[in-house]
Amino acid sequence: MVNNLNYIGGRWSEGSTGNRYEHFNPANPSESLGFTEMSSLGDAEEAVKVANTAFADWKNRSSVERGEYLRKAADLLEANVEEIAACATKEMGKRIVEMRGEVLRAATILRYYAQEGTRKIGDVIPSSNPNNTLYTVREPLGVVAMITPWNFPVAIPVWKIAPALVYGNTVVWKPSQETAITAVKIAEIFEKAGLPKGVLNLVNGSGSLIGNAFVEHLDVKAVSFTGSNAVGKTIASKAVETGKKYQLELGGKNPLVVLKDADLDAAAKAAVEGCMKQSGQRCTATSRVFVEEAIYDAFMDKVLGFVQDIKVGDGIQEAITMGPVASKNQFETVTSYIKKGLEEGATLFYGGKTLDAPEYNGGYFIEPTIFENVTNDMTIAQEEIFGPVFVVIKVANYEEGLAQANDTIYGLSASLFTTDLNKAFHFAKNSEVGLVQINGETGGAEPQAPFGGMKESSSGTREQGTAAMEFFTAYKTVTITTK
Ligand code: SIN
């Protein structure tokens, strides 16, 4: 049993529904990690109430002071990297090596936003009246809600919480149930950093109850969500009904286009790693690879070389290069897509099987899987699989590659491998995505740069960098007239 699951108003408590949720290690599902007690509507209500009360003081502190708490939290994350990384690896299967990287990345994000606390939050604007001083300031919104996913259980909550706090908001946070225990560790870090009571409140529980309560609450002024398109659509309509800002980061079906003039080694490595890192469970994972037919066979030879090197197993071991998928649910979804691909007539270039030998302990392991003989209208080329699977499609030339890359409802990230500068710039301009890579993997983000997608991958808002200020603050325009 995991006690003290919620952190509300600076006090740790259990959820109060009486319903328990059992956590399993996806690399060995017979290993129970314990139960967590689900929270009730009363817990959500209490969290919003204390966050609202704490806002009065927090918004009046200087942003420099608010940033200092983030800096302390960064130091504490670094000091506790092993414990937090191991906890998340057990909870959702991400390799320990990747989890360490994620925790350290979260520390970098905290430091970036700590520094934002020392930067300008407004502009002086010329007025048509010489006696006026006209300027803007950015003010916090109030209580803001975060609903965060399991695939980046540390970095995504931190990249939402850090800017919200430094710009003077208070936070109510509902993480994914799958990573409730890791979320407790993150809240403990903020507590140890000395964050005043009520400024950050963690309520674990179900999305349909707790997430929904936050989205519908009139005292919550904004909601930031990363997750599925279906849930995102519901959040958007409820946010509009209750008059709050919303920010949605949703799915992707990210293309990587390889031209005949490209460095094929680099392109093949980026395709394999861009998909298989985190067992494909990233919104920015590479999932469609378009290859000019002139170099198709040479490229696929190189892909084979990289994919054969992947060592699947329990990611708590350093030597493993691909872990399990995060849960039984993920396992069933991914394997059903593999089945669907075969039914639709695609052929397996590599993998496709689940790993059932005794040394896999019944874990949710799927071979790295690559499909060929795919057309861009097949289900596996259009729907987000969120697993270690990508499809390869032959194209006649760059123009066809670009057209097919854009032929999707999603628009998160896209990559082109080429040495032709003209095509590189053309792709950057004409690719219908929020994140373009030339000669790089589709995945990845830096804290100082805006992150987000176009089309159905996002609500059009952006996270990270100074774009976060756009979302977590409101403009106030001030005119002072003097004689
Ligand atoms: C994601 O892809 O889910 C987050 C972005 C990243 O760091 O790759």
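Read on for an overview of the structure. (Residues numbered from 1 in each chain as written. Predicted model: local features only at pLDDT ≥ 70, side-chain atom pairs only at ≥ 80, totals over all residues. Heavy atoms only, no water.)

The subject of this paragraph is the packing of helix 9 (residues 264-276) against helix 10 (residues 296-308). The interhelical angle for the contact between helix 9 and helix 10, taken along N-to-C directions, is 50°, at an axis separation of 9 Å. Taken together, the axis directions place helix 9 and helix 10 in an arrangement best described as oblique. For the element pair helix 9 and helix 10, the recorded crossing hand is right-handed. Side by side, helix 9 and helix 10 meet where L264, D265, A267, A268, K269, A271 and V272 of the first sit next to A298, F299, K302, V303, F306 and V307 of the second. (Axes fitted to C-alpha atoms, helices over the stretch in contact; angles between N-to-C directions. Helix = DSSP H or I, 4+ residues; strand = E, 2+ residues; numbered from the N terminus. Parallel < 35°, antiparallel > 145°, perpendicular 65-115°, else oblique. Left-handed = near helix turned anticlockwise from the far one by under 90°. Contact = heavy atoms within 4.5 Å.)

What follows is about the site of the ligand. Around the ligand sit R105, N151, F152, W159, R282, C283, T284, G444 and F451, and those are all the residues in its vicinity. Contacts to the ligand include C283, whose backbone N or O atom sits 3.0 Å from an oxygen atom. Separating an oxygen atom of the ligand from a side-chain N or O atom of T284 is a distance of 2.6 Å. Bound to the protein, the ligand loses 99% of the 250 Å² it would expose on its own. A class-by-class count of the residues in the shell around the ligand yields four nonpolar, three polar and two charged. (Near = heavy atom within 4 Å. Polar contact = N/O pair within 3.5 Å; in protein donor to acceptor, adjacent residues only side chain to side chain. Areas by Shrake-Rupley, 256 points an atom, 1.4 Å probe, with all protein chains shown as cover. Nonpolar A, V, L, I, M, F, W, Y, C, P; charged D, E, K, R; others polar.)

Before going further, it helps to spend a moment on the pattern of salt bridges. Pairing between side chains becomes possible if they bear opposite charge and their charged atoms approach one another. Applying the stated criterion to the full structure yields 28 salt bridges. Residue E98 is joined to R95 by a salt bridge in which the shortest nitrogen-to-oxygen separation is 3.7 Å. When sorted by exposure, E98 lands in the same class as R95, which is buried. Of the charged contacts, one joins E216 and K238 as a salt bridge, the two residues approaching to 3.4 Å between their closest N and O atoms. Taken together, the residues span a long stretch of sequence, with E216 in helix 7 (residues 207-216) and K238 in helix 8 (residues 229-241) at a distance of 22 residues. (Salt bridge = Lys/Arg side-chain N within 4 Å of Asp/Glu carboxyl O. Buried < 20%, exposed > 50% of the residue type's maximum accessible area, 1.4 Å probe, protein only.)

Moving on, we get to the sheet that holds strand 5 (residues 124-125). Read across the sheet, three strands follow the order 5-6-21 without closing on themselves; strand pairing throughout is antiparallel. Lying at the two open borders of the sheet, with one neighbouring strand each, are strand 5 and strand 21 (473-481). For strand 5 and strand 6 (residues 132-140), the ladder comprises two bridges, and the chain directions are antiparallel. The residue of strand 6 that forms the bridge with V124 is Y135. (Pairing = 2+ DSSP bridges.)

Our next topic: the sheet that holds strand 19 (residues 435-438). Note: strands within a sheet are paired through backbone hydrogen bonds, in either parallel or antiparallel orientation. In space, the seven strands of this open sheet follow the order 14-15-16-13-12-18-19, with mixed pairing throughout. Two strands bound the open sheet, and with one partner strand each, they are strand 14 (347-350) and strand 19. Strand-to-strand, the axes of this sheet are offset by a mean angle of 25°, without reference to chain direction. Here strand 12 (residues 254-258) runs beside strand 13 (residues 286-292); their pairing, made up of five bridges, is parallel. Within strand 13, the residue paired with P255 across the bridge is R288. Contacts from helix 9 reach strand 12, strand 13, strand 15 (369-372), strand 16 (389-395) and strand 18 (413-417) within the one sheet, and its direction differs from that of strand 16 by about 145°.

Residue placement: T477 occurs in strand 21. Note: C-alpha distance between T477 and F427 (50 residues apart in sequence) is 39 Å. When neighbours within four sequence positions are excluded, T477 is seen to be in contact with L134, Y135 and T136.

Now for helix 1 (residues 41-58). If you check helix 1, its first and last C-alpha atoms are 25 Å apart, about what 18 residues at 1.5 Å a residue would give, namely 26 Å. When helix 1 is considered as a whole, its buried residues turn out to be D43, A44, A47, V48, V50, A51, A54, F55 and W58. (Expected span 1.5 Å × (residues − 1).)

The full count for this structure, using the stated rule, is zero disulfides. Cysteine C275 remains unbridged, with the sulfur of C283 as its closest cysteine sulfur at 14 Å. What makes C275 buried here is its relative accessible area of 1%. (Disulfide = S-S within 2.5 Å.)

We now examine the side chain of Q281. With respect to the helices and strands, the residue Q281 is situated in the loop between helix 9 and strand 13. A polar side-chain atom of Q281 sits 3.0 Å from the main-chain amide nitrogen of A326. If near-sequence neighbours (up to four positions away) are discounted, Q281 is found in contact with W150, N151, P324, V325, A326, Q330 and F386.

Attention now goes to helix 13 (residues 398-406). Buried within helix 13 are the following residues: Y398, G401, L402, Q404, A405 and N406. Elements in contact with the buried residues of helix 13: strand 12, strand 13, strand 16, strand 18, helix 14 (421-430) and strand 20 (454-455).

Quick look at the packing of aromatic side chains now. Going through the model one piece at a time under the given rule, you end up with eight aromatic pairs. Relative to W12, the ring of Y7 lies with its centre 4.7 Å away and its plane at 35°, an arrangement referred to as tilted. With respect to class, Y7 is no different from W12; both count as buried. Sitting above the plane of the F152 ring, K94 keeps its charged end 4.0 Å from the centroid. Just above the ring of Y296 sits the side chain of K394; from NZ or CZ to the centre is 4.8 Å. (Phe/Tyr/Trp six-rings, centres within 6.5 Å; stacked < 30°, edge-to-face > 60°. Lys NZ or Arg CZ within 6 Å of the ring centre and 35° of its normal.)

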